[in-house]
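# Close look at the chain arrangement
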Amino acid sequence: MTFNLMQLLVIYLVSWLGLSVVHAQGADLLKLTKTIPLPGVKGRFDHFAADVQGKRLFVAALGNNTLEVIDLAAGKRLRSINGLHKPTGIVFLPEANQIGVANGDDGTFKLFDGITYQLVNNLRGLEDADNVRRDRKTKLVYVGYGDGAVAVLDGSGKQRHADIKLPAHPESFQLETDGTHVFINVPDAKQVAVIDLQKKDLVATWSMDKFQANFPMAIDEGSHRLFVGCRNPARLVVFDITTGKPVADLAISGDTDDLFYDAKLKRLYISCGEGFVNVIEQRDADHYQMRDSIPTRAGARTSFFSAELGEFYLAVPERGDQYAEVRVFQP
């Protein structure tokens, strides 16, 4: 294990104050294995998707109006897809080898060929399109959009089948793999909304009056727990999805935008724009402990965790003379 000068200074000060150092920059929890530079990419990032078999990472460079395609095996950028309009959510369709990209500014869901990277379909009418999810069972694609709706697309991502209304614009949402519910952050309504996919309707809302600005979300179906990241105040809130009641909450770093649950290691990874990745241990379904807060860079608040690839990816925006980059960590 090696440390830079700043880390050694922190360790010395903590030791001088009579405290103990359990982990230094998450060396035992998240190990930085690779940094992939993205020179020329300006502005902030949004969401990710992965092609597990092809070992490719797709990153929405929202402020740059591009989709960045990264070769994870080689550790380099493969392609920049230009001409997008505030790209936000991404989904990979492995059967067709196509990449779906939601665009907030022109309200489209665009499909690109996974070999040529050429546009193959352009679905319109999804104003302020945002997060995208795909149901592993039915292959249906869900796109959050507008002042309050989720669009249901067919498995090809080319046709719109239905719309499910919500009280306000949806942010992150999670689908049950063993059930029929979708849990959706609706921060402007100060709620978590619950949709039943069989009924195609809103069936419950959980209040977020105490902890607000609920943007990222993850789910632990094994323990029936839903994790919600809040910005006001900066807090992780844990819900029992069988009752809709909060069972725990924990202080986190500020300006969070993505969080993921690692079922194998029983951990949460939370990327925060304040400049940290928080690593939280799940002791049991109702008890959680902050294990580390890994320094990153201000504005690095979007990330992705692939259980299949066993890696955590953090998008780091350009700052001053420092290029934008993707940092690859191994738990």
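In the block above lies the structure referred to throughout.
These notes cover the structure that comes with them. (Residues numbered from 1 in each chain as written. Predicted model: local features only at pLDDT ≥ 70, side-chain atom pairs only at ≥ 80, totals over all residues. Heavy atoms only, no water.)

## Concerning the overall build of the protein chain
The secondary structure content of the protein chain amounts to one helix and 28 strands. Rg of the C-alpha trace for the protein chain: 19 Å, near the compact-globule value of 20 Å for 331 residues, within the 12% margin. For the protein chain, the proportion of its 331 residues judged to be buried stands at 53%. Long-range pairs, those at least 24 residues apart, make up 40% of the contacts in the protein chain with a sequence separation of at least 6. Accessible surface, the protein chain as shown: approximately 14500 Å² in total, 49% of it carbon and sulfur. In the protein chain, the 37 positive side-chain charges and the 41 negative ones have mean positions that sit 3 Å from each other. (Helix = DSSP H or I, 4+ residues; strand = E, 2+ residues; numbered from the N terminus. Rg over C-alpha atoms; globule rule 2.2 N^0.38 Å. Buried < 20%, exposed > 50% of the residue type's maximum accessible area, 1.4 Å probe, protein only. Contact = heavy atoms within 4.5 Å. Areas by Shrake-Rupley, 256 points an atom, 1.4 Å probe, with all protein chains shown as cover. Lys, Arg positive; Asp, Glu negative; His and termini not counted. Charge placed at Lys NZ, Arg CZ, Asp CG, Glu CD.)

## Some points on the pairing of strand β20 (residues 234–240)
Residues in a regular strand project their side chains so that they alternate between the two faces of the sheet. Summarising burial for β20: five of the seven residues are buried, a large majority. Here strand β19 (residues 225–232) runs beside β20; their pairing, made up of seven bridges, is antiparallel. Paired with G229 across the bridge in β20 is L236. Two successive antiparallel strands, β19 and β20, enclose a turn made up of one residue. (Pairing = 2+ DSSP bridges.)

## Digging into unusual backbone geometry
For the peptide bond that leads from N232 to P233, omega is -5°, which places it in the cis range. When you line up the elements, P233 lands in the loop between β19 and β20. Even without a glycine there, the phi angle at N97 is positive, about 50°. Within the secondary structure, N97 sits in the loop between β6 (87–93) and β7 (98–103). On the basis of relative accessibility, which here comes to 22%, the residue N97 falls in the partly exposed class. In this structure, D255 is a non-glycine residue whose phi angle is positive, near 65°. One can find D255 in the loop between β21 (245–251) and β22 (256–262). Residue classification places D255 among the partly exposed residues on the basis of a relative accessible area of 29%.

## What to know about the sheet that holds strand β10 (residues 132–134)
The strand order β10-β11-β12-β13 describes an open sheet built from four strands, whose pairing is antiparallel. Whereas interior strands pair on both sides, the edge strands pair on one side only; in this sheet they are β10 and β13 (160–165). The average undirected angle you get between the axes of adjacent strands in this sheet is 20°. Sheet analysis places β10 next to strand β11 (residues 141–145), joined by three bridges and oriented antiparallel. Its bridge partner being in β11, R134 is matched across the sheet by V141. (Axes fitted to C-alpha atoms, helices over the stretch in contact; angles between N-to-C directions.)

## Let's talk about the pattern of salt bridges
This structure, assessed with the given rule, holds 18 salt bridges. Between R291 and E281 there is a salt bridge; the shortest N-O distance is 3.4 Å. You can see R291 sitting in strand β25 (residues 287–295) and its partner E281 sitting in strand β24 (residues 276–284), a full 10 residues away along the chain. On the basis of relative accessibility, which here comes to 27%, the residue R291 falls in the partly exposed class. Accessibility expressed as a relative area gives 25% for E281, which makes it partly exposed. (Salt bridge = Lys/Arg side-chain N within 4 Å of Asp/Glu carboxyl O.)

## Here's the deal with a negative patch on the surface
Residues D105, E127, D128 and D147 make up a contiguous surface patch of negative charge. Relative to the elements of secondary structure, D105 occurs in the loop between β7 and β8 (108–113). (Patch = residues over 30% accessible without salt bridge, like charges linked within 9 Å, V, L, I, M, F, W, Y side chains within 5 Å.)

## So, the state of the cysteines
Each disulfide consists of a covalent bond between the sulfur atoms of two cysteine residues. If you walk through the whole model with that rule in mind, you get zero disulfides. Here C230 is not disulfide-linked; the sulfur of C272 is the nearest cysteine sulfur, at 12 Å. (Disulfide = S-S within 2.5 Å.)

## Some remarks on the sheet that holds β8
The sheet built from four strands is open, its strands ordered β6-β7-β8-β9 with antiparallel pairing. The open sheet terminates on both sides in strands that have one partner only, identified here as β6 and β9 (119–123). Looking at each pair of strands side by side, their axes are set apart by 20° on average, direction ignored. In the sheet, β8 pairs with β9 via four bridges, with the strands oriented antiparallel. Residue pairing for β9: F112 is matched across the bridge by L119.

## Section: the pairing of β7
Across the six residues that make up β7, a large majority, six, are buried. Going residue by residue along β7, you find Q98, G100 and A102 tucked away on one face and I99, V101 and N103 tucked away on the opposite face as well. Both β6 and β7 contribute to a ladder of five bridges, which runs antiparallel. Counted as the bridge partner of F92 is I99 from β7. Connecting β6 to the antiparallel partner β7 that follows it, the hairpin turn spans four residues, and N97 within it adopts a positive phi of roughly 50°. Of the strand pairs in this sheet, β7 and β8 are connected by six bridges, and their pairing is antiparallel. Paired with V101 across the strands is K110, a residue of β8.

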